[in-house]
Amino acid sequence: MSAAAELSIVIPAFNEEARLPATLAKISEYIRGSKRETEVIVVDDGSRDRTSAVAHSFAKDFRHLRVISNGDNRGKGFSVRRGMLEAQGRLVLFTDADLSAPIEEADKLLAALLEHEVAIGSRAMDRKLISVRQSVFREYAGMLFNLIVRIVLRLPFVDTQCGFKAFRREPCRIIFQQQRIERFGFDPEILYLARHHRLRSVEIPVRWGHSPDTKVSMLRDSIRMFLDVFLIRWNTLTGRYPHKRRQDNFVSQST
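Residue positions are counted from 1 within each chain, in the order its sequence is given. Only residues with pLDDT of at least 70 are given local features in this predicted model, and only at 80 or more are side-chain atom pairs given and counted; all residues enter the totals for whole chains, interfaces and linings. With hydrogens and water stripped out, all remaining heavy atoms of the structure feed into the side-chain values.

Student: Would you mind going over the packing of helix α6 (residues 169–178) against helix α7 (residues 186–196) with me for this structure?
Tutor: Pairs of packed helices are described in terms of their axes, by the angle between the two and the distance that separates them. It is at 9 Å that the axes of α6 and α7 come closest, and there the two elements cross at 130 degrees. Relative to α7, α6 is oriented oblique. The two elements α6 and α7 cross, and the hand of that crossing is right-handed. Between α6 and α7, the contacting residues are Ile175, Phe176 and Gln178 on the first element and Glu189, Ile190, Leu193 and Ala194 on the second. Amino acids are sorted into nonpolar (Ala, Val, Leu, Ile, Met, Phe, Trp, Tyr, Cys and Pro), charged (Asp, Glu, Lys and Arg) and polar (every other residue, Gly among them). Looking at the contact of α6 with α7 residue by residue, the class counts come to five nonpolar, one polar and one charged. Fitted lines through C-alpha atoms give the axes, limited to the stretch in contact for helices. The angle between two N-to-C directions lies from 0 to 180 degrees. Here a strand is any run of E in DSSP of at least two residues, a helix any run of H or I of at least four, and the numbering for each starts at the N terminus. Our angle categories are set so that under 35 degrees counts as roughly parallel, over 145 as roughly antiparallel, 65 to 115 as roughly perpendicular, and the remainder as oblique. Should the near helix be turned counterclockwise from the far one by less than a right angle, the crossing is left-handed, whereas a clockwise turn marks it as right-handed. Contact definition: two residues touch when any of their heavy atoms are within 4.5 Å.

Okay, structure coming up:
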């Protein structure tokens, strides 16, 4: 991959054999239209289906496509972290494998990176942009989770969980080097780390449509995510998020 690459797109994927073909076709079309030098990284999170084979079959559609396998199922947070640290583009976007936020919405986030280091897609800022809504139960659970995030972590965002976020790679690398949470609770952690390292973040309303095949379990994953919010505070108190002046020592000890 050229060192002058403009954009990397990271797609965490677990058992996405069925949805990945349409997603990669849309991303390929988007890249051709954007004329940016772009690499696509699919991180196969220990899938039990043909996710990896399907991704490899699109090699002819992209100038730069990499398929990385975690081996075992490690979680969306681990997959995003791995893809972001492997990325070589000046800008890096991660998106859900179902493209709940259409890939064309990336232009909004990338434009915001002219003045910010982090730009996150938001479903809650303008709900008129939602084409398919979640169940009432999921929506209220999301609001409650966001309230806890705002109180415990003092983050200003109204939607931390939208799987559509963009970063300037170099200044934001420290976020993913220090990220600890491997499953669905990783989003508040990376946003907390951005603020911790004084990186400028902005929330942007994007078009979005709920996928009924979501991998998030309302019971199991919601409990984990609530606990993860308090784990982030604990990690801060125990010095697991060192500031940049101590980062050289941290990197040498991390994997």
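Student: Mind showing me how you'd approach the pairing of strand β4 (residues 91–95) here?
Tutor: Two faces belong to every sheet, and in a regular strand the side chains alternate between them. Taken across its five residues, β4 has five buried, putting it largely inside the fold. Of the two faces of β4, both are covered, the one formed by Leu91, Leu93 and Thr95 as well as the one formed by Val92 and Phe94. Of the strand pairs in this sheet, strand β1 (residues 7–13) and β4 are connected by four bridges, and their pairing is parallel. Directly across from Val10, in β4, lies its bridge partner Phe94. At least two DSSP bridges between two strands are needed for those strands to be called paired. Where β4 and strand β7 (residues 164–168) come together, five bridges link them in antiparallel fashion. Across the sheet, Thr95 pairs through a bridge with Phe164, a residue of β7. For every residue, the accessible area obtained with a 1.4 Å probe (protein chains only) is divided by the maximum for its type, and the residue is called buried under 20%, exposed over 50%, and partly exposed between those limits.

Student: Quick question: what am I supposed to make of the pattern of salt bridges here?
Tutor: Oppositely charged side chains can form a pair if their charged atoms are brought close together. For this analysis, a salt bridge means a side-chain nitrogen from Lys or Arg found within 4 Å of a carboxyl oxygen belonging to Asp or Glu. Tallied over the full model, the rule gives 18 salt bridges. Here Arg123 makes a salt bridge to Asp159, at a shortest N to O gap of 2.8 Å. Of this pair, Arg123 sits in the loop between β5 (118–122) and β6 (130–132) while Asp159 sits in the loop between α5 (136–153) and β7, placing them 36 residues apart in sequence. For the pair Arg123 and Asp159, a shared accessibility class is recorded, and that class is buried. In the salt-bridge network here, residues are joined through shared partners; they are Glu16, Arg19 and Asp98.

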